[in-house]
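Structural overview
Each chain, written out:
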Amino acid sequence: MADFRLPPLNGGERVYRALLHLYPRRFRRAFSQELVEAFRDQRRAASRDGTPAPAFWAAILRDLTTQACAERFSTAWRRRTGSDDEESLMTAVPFALRLQELRIAARRLLRTPSFTIATVLVLAVGIGATTAVFSVVNGVILRPLPYPDADRLVALGHTVQLSGVGSVDQSDGSLLFYQQHARAFDAVGGWRDVGANIAATADDASRAERIDAAAITANLFDVLEAPPTLGRTFRSGEDRINAAPVAILSSALWERRFHSDRAVVGKRIVVDGVSREIVGVMPRAFSYPSNTTELWIPIAFDPPHASAGSFNFHGVARLRTGSTVDAARADLDRVLPHILDEFPSGIPRAMWESVHLRATVTPLRDAIVGDTSRLLWILLGSVSLLLVIACANVANLFLVRGEARGLELAVRAALGSGTVGIVVQSLSEAIVLAFAGGMLGVLFSIVGVRAVVTFGGRLGLPRLAEISVDAYVLAFAATASVLCALFVSIIPILRARRVQVALVLREAGRGATTGAVRQRARAVLVVAQVALALVLVAASGLLARSFERLSHVKPGFDARGVVMARFVLPDATYPTGTAKAQFYNRLMSAVRALPGVEDASLTSWVPLTNDHDDTTIEVEDHPLPPNAVGRIHFVPAVDARYFHVMGIPMLAGRAFESSDPKHPVAEVVVSKAFADRYWPGKSPLGKRIRPGIDGQWFTVVGEVGDVHHEALDKAAEDAVYFSFVSKRGSDVYTPGYLALVARGSAADATTASEIRKAVRSLDPGLPTFDERSLMDVVSAASARARITLWLLAVASAVALLLGAVGIYGVMAYSVSLRQREIGVRIALGARPSDVRRLVSRGGLGLAAIGVAIGIVCALGVTRLLRGLLYDVSPTDPLTLVATSVVLLFVAFGASWIPARRASALDPVEALRASA
Amino acid sequence: MAADDFLPLKTDAFYVLLVLLHGERHGYAIMRDAAERSEGAVELQAGALYRLLRRMLDDGLVVESQRRPAADADDERRRYYRITALGKRVIAAEAERMAALAESARSALRSATA
């Protein structure tokens, strides 16, 4: 009779019932009905509370997988520890496992070279990849910074409540103020990245060059407790505006420019037109603030004129012994409200207070490592999966080997060698193999680490110089090898107790269905491999789709045929805005006249580079409430021809009229996003805006298309383009830091060298640098996504290959076991296609189970990728389906060969052989 | 086994026994009441609960009840669980253990601040 009170079985419940098979049989029999009831109740509660279905299922699946694993483990554990001979096994094995055993195992392995080589290689690839990635994680994330008591070093910053920006660094005012008043620190220092022109020397005029330098507080080296190799570091007072000019060299610059001359201290170097005395040289390993910094000069603080409000410096400090990050933050917040008493901010006090400036204190290591840690952990996770797959594969090979030696083991058991002997034999072989695999793996990883150090710069990896294979890395590789050995030999060990001597001997004689139990263990391994491979392939599939989306993002400008070059006009040579503007205008005419250059222009911000230029903007017809600050917008300073050179479409109006310093214009061009924000549906032309909080109004004269300034995966930002010659009160303002962009008809390299010559001909002491084609700039913008994709793609290709080998092995072996049965079938009239279907259905069945489990795992795991994906959901159904199809296809391919072999069996031969 | 052999109790186990002190419950009701009594601190999922019950059944802390409460008679397939005398002794011992801990911490704090 039908039970009408039962709610109809719906899809979700059916899935849940099927998944209950993950539990061990005994547990399932006892509780499956109960679990289904609870599932129904929970589901009703979820729909009542409005819990979204994905969240509900995530909780259910997490519970199911973790509990099923735990229950299976404890069942197995109880079964094995329940009997007392296991106790004696656990104590007997370590005694029996002597060096002698290992030597015998090695000799035994040498007798089967192909097995040994295959196993060692598979393990070496797995251990090598994992170790290489671990050494990067170790060097970048785990290892403390290379300074004494590095855990007391912190980065100081501020949070603000300001539209368009959430955090700011330090101003000269705030640094001086904290140095004076903060009590939680031994010392507070600061720095700022600056580029520096190193002048040509008297004897070699061609050696003017541009290098990365840092302007630092005099105490920065003391904060870090980093001593120089030669000379001294800066003395207090040297970071004041009228102090004698000094500089400290990096060891790279010292070798390059001074040929490692030990008498360099006291000599002079011309930096941005200023002659500075060299007081010291830093050691090669010192790389702060970055590993490209080659020169340190003191900041020229001018305390009476310092401003609290221009946040151009990074703060770094050493906590007083016993102080904590939280105490330090409280300390800074205690003194911060009084800063305006000492340093003006240039804006009214009420407005200053409205942005709610608060101090932040971050461990320096976190500040340096930043968001790369996530990427690295994901990579480590992927290669660990790969290692597990590799181990599963080797475990499979091990089972086959055990199979082949079943008779030998049974005889040994019958002669009284007992379980211990069998376990020791298995374990010692696994140890020898894992040891060899580990050694080779470490060699692989050393090569891999070299590659990372060479190419890691493109990934934006910090602390590259600190990546190496050290004791921790070796310990990691050793641990990985030991785990591999245990994993590989665990199944033979667990099975060892079950060897039923009589049965094996009988079966060995008849060769019928030997090792059905082992065959099941191998099937489980294959399912696990497929599931893990699916996770990896799905992850790289998601990254591939994300990358594909990213490569279709239009940057907003036409990079083809455009080259860029940078140069910086030092204030010493070009003291006024007018002087700079005159130089730029002369340069523009010279470059535009070059053969092969169609047009050229200038900009303070080449899109998709690290340039940055923003300020608060007040819009005339959107009046701000009293003391409020306008929204922050990007404000590139450009030459009028910029839009034409870059191929940025002019949507309305025109560009600026003139770049003549005698008649500076008060005109701006705005991006479409900016126009849409403030005047949706209307023309922005004729409206007025002004930067900062007072000063002159600028009229909008043109509207241009949007450009991705910061990154391709961020939305195209609002921008206000100012002319590079603009009016500031009665003065003319022109930035000294502009990049030249030129659209050429010749090859990019030719155009670049022509530009270099044109700059030199106007000012021989002016080095150009960062000469690149804009195509390179655009491709560098997606380099990180591309490299991550490649790494995961390689990992998943290897995983697929290993999975295919696993399926092939199991199917081929099952065919050899079932020869007799298949022979009978053929003799009874089964067609070759029937036999093929029989075998490949077996392989596909295993793969299908693996795919089902893999999808569940992938749904949980791919969420970790969220920050790396652009415009693709981590649970993108298309990717998951495509991945499943690929895996099933590979599984089909892998079982095809054994299937064909089975269908070609000669029934007479098969029956005779196994008779 | 003596009641002390089970100490200290895991929080989950403690709340399951606590809920059962108030009367027989079926699985889902245990999950719900445990969440309620712990103010959300103990959120057992079905699998975790039944593994816990399986262990407690093996250890003899709870038994399956033969009786069906009349109020819930609409569903005879549900199984109800009841706390055993041993279970009661265990939770009592655990409560005493925690009380002793709390008292020693309190007195230590008193003397530290005094």
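Residues numbered from 1 in each chain as written. Chains lettered and ligands numbered in written order. Predicted model: local features only at pLDDT ≥ 70, side-chain atom pairs only at ≥ 80, totals over all residues. Heavy atoms only, no water.

**Some details on the sheet that holds strand β1 (residues 25-26) of chain B**
Residues and elements named next belong to chain B. An order of β1-β3-β2 is seen for the three strands of this open sheet, with the pairing classed as antiparallel. Bordering the open sheet on either side are β1 and β2 (62-64), each of which pairs with just one other strand. The pairing of β1 with strand β3 (residues 80-83) spans two bridges and is classified as antiparallel. Along β3, the bridge assignment pairs R25 with Y81. Running over the sheet, helix α1 (residues 11-21) touches β1, β2 and β3 and is turned about 95° from β3. Where helix α3 (residues 46-59) meets the sheet, its contacts fall on β2 and β3, and the angle it forms with β2 comes to roughly 100°. (Pairing = 2+ DSSP bridges. Helix = DSSP H or I, 4+ residues; strand = E, 2+ residues; numbered from the N terminus. Contact = heavy atoms within 4.5 Å. Axes fitted to C-alpha atoms, helices over the stretch in contact; angles between N-to-C directions.)

**Describing unusual backbone geometry**
Cis geometry marks the peptide bond from Y288 of chain A to P289 of chain A, where omega comes out at 0°. As for its position among the elements, P289 of chain A is in the loop between β8 (274-281) and β9 (293-298). Note that the residue after L7 of chain B, namely P8 of chain B, is joined by a cis bond; omega there is -10°. On the secondary structure map, P8 of chain B appears in the segment before α1. Located in the positive-phi region is E225 of chain A, a residue other than glycine, with phi close to 55°. Positionally, E225 of chain A belongs in the loop between α8 (220-224) and β5 (230-231). Not every positive phi belongs to a glycine, and H259 of chain A is a case in point at roughly 50°.

**Topic: the packing of aromatic side chains**
Residue and element names in this part refer to chain A. What the rule picks out here adds up to 32 aromatic pairs over all chains. Consider the rings of F115 and F398, whose centres lie 6.1 Å apart with planes at 45°: the pair is tilted. With F115 in helix α6 (residues 113-142) and F398 in helix α14 (residues 372-404), the pair connects residues that are 283 residues apart, well separated along the chain. Since its relative accessible area comes to 4%, F398 is described here as buried. Pairing Y678 with W679 gives two aromatic rings, centres 6.0 Å apart and planes at 55°, and the pair type is tilted. Look at W679 and you get buried, because its relative accessible area is 3%. Members of the aromatic cluster, connected to one another through ring pairs, are Y147, F221, F234, F286 and W296. (Phe/Tyr/Trp six-rings, centres within 6.5 Å; stacked < 30°, edge-to-face > 60°. Buried < 20%, exposed > 50% of the residue type's maximum accessible area, 1.4 Å probe, protein only.)

**A few points about the interface of chain B and chain A**
Taken together, the 19 residues of chain B in the interface contact 27 residues of chain A. Across the chain B-chain A interface, the total number found is four salt bridges. For the salt bridge of E71 of chain A with R51 of chain B, the shortest nitrogen-to-oxygen distance reads 2.7 Å. At the boundary of chain B with chain A, the tally comes to ten residue pairs in polar contact (both at pLDDT 80 or more). Within the residue set of the side of chain B that touches chain A, elements represented by two or more residues are α2 (27-37) and α3 of chain B. For the side of chain B that touches chain A, the element with the highest residue contribution is α3 of chain B, accounting for eight residues. Residues that form the side of chain B that touches chain A fall into these classes: seven nonpolar, three polar and nine charged. (Salt bridge = Lys/Arg side-chain N within 4 Å of Asp/Glu carboxyl O. Polar contact = N/O pair within 3.5 Å; in protein donor to acceptor, adjacent residues only side chain to side chain. Nonpolar A, V, L, I, M, F, W, Y, C, P; charged D, E, K, R; others polar.)

**Quick word on the side chain of S796 of chain A**
Residue and element names in this part refer to chain A. Looking at where S796 falls in the secondary structure, it is placed in helix α25 (residues 783-817). Owing to a relative accessible area of 5%, S796 belongs among the buried residues under this scheme. When neighbours within four sequence positions are excluded, S796 is seen to be in contact with L536, V537 and S540.

**Quick notes on the confidence of the model for chain A**
Residue and element names in this part refer to chain A. Per-residue confidence for chain A gives a mean pLDDT of 82; residues scoring 70 or more make up 89%. Summarising per-element confidence for chain A, the mean pLDDT is lowest in helix α4 (residues 84-96) (48) and highest in strand β6 (residues 246-249) (94). Note on residues 82-90: pLDDT is under 50 here. Beyond four places in sequence and across chains, it has eight contacts. Confidence drops under a pLDDT of 50 for residues 509-514, and excluding neighbours within four residues, the segment shows seven contacts in the predicted structure. (pLDDT = per-residue confidence, 0-100.)

**Digging into the nonpolar core**
Residues and elements named next belong to chain A. Core analysis: the largest hydrophobic core is formed by 55 residues, its most contacted members being F398, L433, I807, I822 and L887. Among the elements that line this core, the one with the most residues is helix α19 (residues 516-551), at ten residues. The residues touching I822, leaving out its near neighbours within four places in the chain, are V815, V835, A902 and L905. Of all hydrophobic cores here, the second largest spans 52 residues; its members include I198, W254, V281 and I339. (Core = buried A, V, L, I, M, F, W, Y, C linked by side-chain atoms within 4.5 Å.)

**Topic: the packing of α2 of chain B against α3 of chain B**
Residue and element names in this part refer to chain B. Packing of α2 against α3 leaves a shortest axis separation of 10 Å and a crossing angle of 105°. Here α2 lies roughly perpendicular to α3, going by the angle between them. Here G27, I30 and M31 of α2 lie close against α3, whose contacting residues are A46, L49, Y50 and L53. Among the residues forming the contact of α2 with α3, the class breakdown is six nonpolar, one polar and no charged. (Parallel < 35°, antiparallel > 145°, perpendicular 65-115°, else oblique.)

**Description of the pairing of strand β7 (residues 268-271) of chain A**
Residues and elements named next belong to chain A. Only one face of β7 is buried: it carries I269 and V271, and the other face, with R268 and V270, is open. Pairing of β7 with β8 involves four bridges; the strand directions are antiparallel. Paired with V271 across the bridge in β8 is V274.

**Remarks on a positive patch on the surface**
All names here are of chain A. Side chains of R25, R29, R72 and R520 sit close together on the surface and give a patch of like positive charge. Residue position: R29 is located in helix α2 (residues 25-49). On the accessibility criterion, R29 (68% relative accessible area) is exposed. (Patch = residues over 30% accessible without salt bridge, like charges linked within 9 Å, V, L, I, M, F, W, Y side chains within 5 Å. Areas by Shrake-Rupley, 256 points an atom, 1.4 Å probe, with all protein chains shown as cover. Lys, Arg positive; Asp, Glu negative; His and termini not counted. Charge placed at Lys NZ, Arg CZ, Asp CG, Glu CD.)

**Description of the pattern of salt bridges**
Evaluated as defined, the whole model comprises 50 salt bridges over all chains. Between D676 of chain A and K672 of chain A there is a salt bridge, with the nearest N and O atoms lying 2.9 Å from each other. Of this pair, D676 of chain A and K672 of chain A are both found in helix α22 (residues 672-678), four residues apart, which corresponds to roughly one turn of the helix. Within this structure, R26 and E71 of chain A together with R51, R54 and D58 of chain B form a network of salt bridges that share partners.

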